[in-house]
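Given next are the chains, with one letter for each unit.
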Amino acid sequence: MTGSGRHADFNFHGRVKPGDRIRFVSPASMPDRQRAFARARALSDLGFKVDFGEHAFAKHGPFAGTDEQRLGDLNAALRDPDIRAIFATRGGKGSYRIADQLDFGAARRDPKPLVGFSDITALHLSLFRHCRITSIHGSLFEDTAGCPDTENRDILLRILSGPGKLAYGSRSDEATSALSTGGAAEGLLIGGNLDMIVTTAGWALPDLAGALLLIEAVDCQPGGIDRAMTLLRKAGHLRDVAGIVVGQFTTAEPHQSPRIIDILGDNLTKLGVPVIGGLPFGHGARPLSVPIGSMASFDTASGTLVVSH
């Protein structure tokens, strides 16, 4: 089943509550051990039981272990009924190498949230394409003092703990806020990191017809952004999207930011659908977690995205 439809067929049932077990796995690059343990302690302090996959700190070239090790840890967590949520220790690179080999049968039988972003987007997209399972684009982020960011922590807990609605406001200090157009749109919120959306096009990217496509990017270069958007447009992946949600587009070269926004605007205008920019999702300052595969709507007049979870 590949269409975006009106709702996810499998939301994570039973929800996640204190006392439940959460497992950290490393489907992509090797994590910083101290940071991973600090995030685990933050969840333990909230009353969760936390453990790590067998190969969470393995190393194989640029990856956290071989493809078989990373896939084995993730599938073990999907199959284990005692695990109620799965957190990626980090992104980086490598999730796209295993995204088509997940145990989709186990994921359908016992839906549980996968929390991660960046490279982990490949896993979110594949799980939705094959299982229509909601997941969480985000992580436990630290503030400038190295402590868990409380706003994002509280949002993440709300997503994990029960159904409801979350409202996210466009931030005027985000460069992509300039991309907002007039209008409103509604649909399933699908997407994440732009590089991973392009990488999975044709094999793990779900049908985006009727969806709100979320895009965000890191280490942006104008040419790379233009190539990515051009591929998605010309291959027809964006033909029937209902709207575009633009998160944070960060670059190590601030002088490139205006060119990146111009290129994004040029590509998005060609779609002829409502666009809301400036959303706090991605690799920028004070990012927030958001459910992927959930119904959402936005109104550019209010500058607000509302997501049901």
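Residues numbered from 1 in each chain as written. Predicted model: local features only at pLDDT ≥ 70, side-chain atom pairs only at ≥ 80, totals over all residues. Heavy atoms only, no water.

Undergrad: Explain the sheet that holds strand β2 (residues 49-52) here, please?
TA: Across a sheet, strands are paired by hydrogen bonds formed along the backbone, either parallel or antiparallel in direction. On the basis of which strands lie adjacent, the open sheet formed by 6 strands has the order β2-β1-β3-β4-β5-β11 and mixed pairing. Edge positions in the sheet fall to β2 and β11 (290-292), since each has one partner strand and no second. Averaged over all neighbouring strand pairs, the angle between strand axes comes to 25°, with direction disregarded. Bridging between strand β3 (residues 83-88) and strand β4 (residues 114-116) involves 2 bridges; their strand directions are parallel. The partner of Ile-86 across the bridge, within β4, is Leu-114. Those strands touched by helix α1 (residues 33-45) are β1 (21-25), β2 and β3, and its axis lies near 160° from that of β2. (Pairing = 2+ DSSP bridges. Helix = DSSP H or I, 4+ residues; strand = E, 2+ residues; numbered from the N terminus. Axes fitted to C-alpha atoms, helices over the stretch in contact; angles between N-to-C directions. Contact = heavy atoms within 4.5 Å.)

Undergrad: Teacher, can you tell me more about the confidence of the model for the protein here?
TA: A low pLDDT score tells you not to read the predicted coordinates there in detail. On average, the protein scores 94 in pLDDT, and the residues at 70 or more come to 95%. Per-residue pLDDT stays below 50 along residues 1-6; that stretch engages in 24 contacts with residues further than four places along the chain or on separate chains. (pLDDT = per-residue confidence, 0-100.)

Undergrad: Would you explain the nonpolar core in this entry?
TA: The tendency in soluble globular proteins is for nonpolar side chains to be buried as a group. Core analysis: the largest hydrophobic core is formed by 34 residues, its most contacted members being Leu-194, Ile-215, Ile-225, Ile-244 and Phe-249. Secondary structure elements with two or more residues in this core: α4 (121-131), β7 (184-193), α6 (194-199), β8 (212-217), α7 (222-234), β9 (243-249) and α8 (257-269). Those residues in contact with Phe-249, other than ones at most four positions away along the chain, are Thr-176, Leu-194, Ile-215, Glu-216, Ala-217, Cys-220, Ile-225, Ile-260 and Leu-264. Formed by 32 residues, the second largest nonpolar core is a distinct cluster that contains Ile-22, Ile-155, Val-245 and Leu-279. (Core = buried A, V, L, I, M, F, W, Y, C linked by side-chain atoms within 4.5 Å. Buried < 20%, exposed > 50% of the residue type's maximum accessible area, 1.4 Å probe, protein only.)

Undergrad: What am I meant to see in the environment of Ile-133 here?
TA: Summarising the element assignment, Ile-133 is placed in the loop between α4 and β5 (135-137). In this structure, the C-alpha to C-alpha distance between Ile-133 and Phe-104, residues 29 residues apart in sequence, is 9.9 Å.

Undergrad: For this particular structure, what's the right way to read the sheet that holds strand β12 (residues 295-299)?
TA: Taken in spatial order, the 7 strands of this open sheet run β6-β13-β12-β7-β8-β9-β10, and their pairing is mixed. Two strands bound the open sheet, and with one partner strand each, they are β6 (165-169) and β10 (275-276). Where α8 meets the sheet, its contacts fall on β8, β9 and β10, and the angle it forms with β9 comes to roughly 170°.

Undergrad: Honestly, unusual backbone geometry in this entry has me stumped. Any pointers?
TA: Although it is not a glycine, Arg-132 adopts a positive phi angle of roughly 55°. Mapped onto the elements of the fold, Arg-132 is located in the loop between α4 and β5. Positioned with a positive phi, Asp-219 is a non-glycine residue whose angle comes to about 55°. Along the chain, the position of Asp-219 falls in the loop between β8 and α7.

Undergrad: Would you mind showing me how to read the packing of aromatic side chains here?
TA: Aromatic ring pairs are defined here through the distance separating the ring centres and the angle between the ring planes. Within this structure, the stated rule accounts for 7 aromatic pairs. For the ring pair Phe-117 and Phe-141, a centre distance of 5.3 Å and an interplane angle of 80° mean the geometry is edge-to-face. With a gap of 24 residues between them, Phe-117 in the loop between β4 and α4 and Phe-141 in the loop between β5 and α5 (150-161) connect regions that are remote in the sequence. What makes Phe-117 buried here is its relative accessible area of 16%. Centroid distance Tyr-168 to Phe-281: 4.9 Å. Interplanar angle 80°. Geometry classified as edge-to-face. Taken together, the residues span a long stretch of sequence, with Tyr-168 in strand β6 and Phe-281 in the loop between β10 and β11 at a distance of 113 residues. (Phe/Tyr/Trp six-rings, centres within 6.5 Å; stacked < 30°, edge-to-face > 60°.)

Undergrad: Teacher, can you tell me more about α1 here?
TA: For an α-helix, 3.6 residues make a turn, and residues three or four places apart therefore share a direction. The terminal C-alpha atoms of α1 lie 18 Å apart, and with 13 residues this matches the ideal 18 Å at 1.5 Å per residue to within 8%. Of the residues making up α1, those classed as buried are Ala-36, Arg-39, Ala-40, Ala-42 and Leu-43. Considered in projection along α1, the buried side chains sweep an arc of 155° and stay on one side of the axis. Of the residues in α1, the exposed ones pointing more than 90 degrees away from the buried face are Gln-34, Arg-41 and Asp-45. Lining the buried residues of α1 we find β1, β2 and β3. Taking the backbone nitrogen of Gln-34 as reference, a side-chain oxygen 3.2 Å away marks Asp-32 as the first, capping residue of α1. Once α1 ends, the next one or two residues include Gly-47, with phi positive near 105°. (Expected span 1.5 Å × (residues − 1). Arc of directions from axis to C-beta. Polar contact = N/O pair within 3.5 Å; in protein donor to acceptor, adjacent residues only side chain to side chain.)

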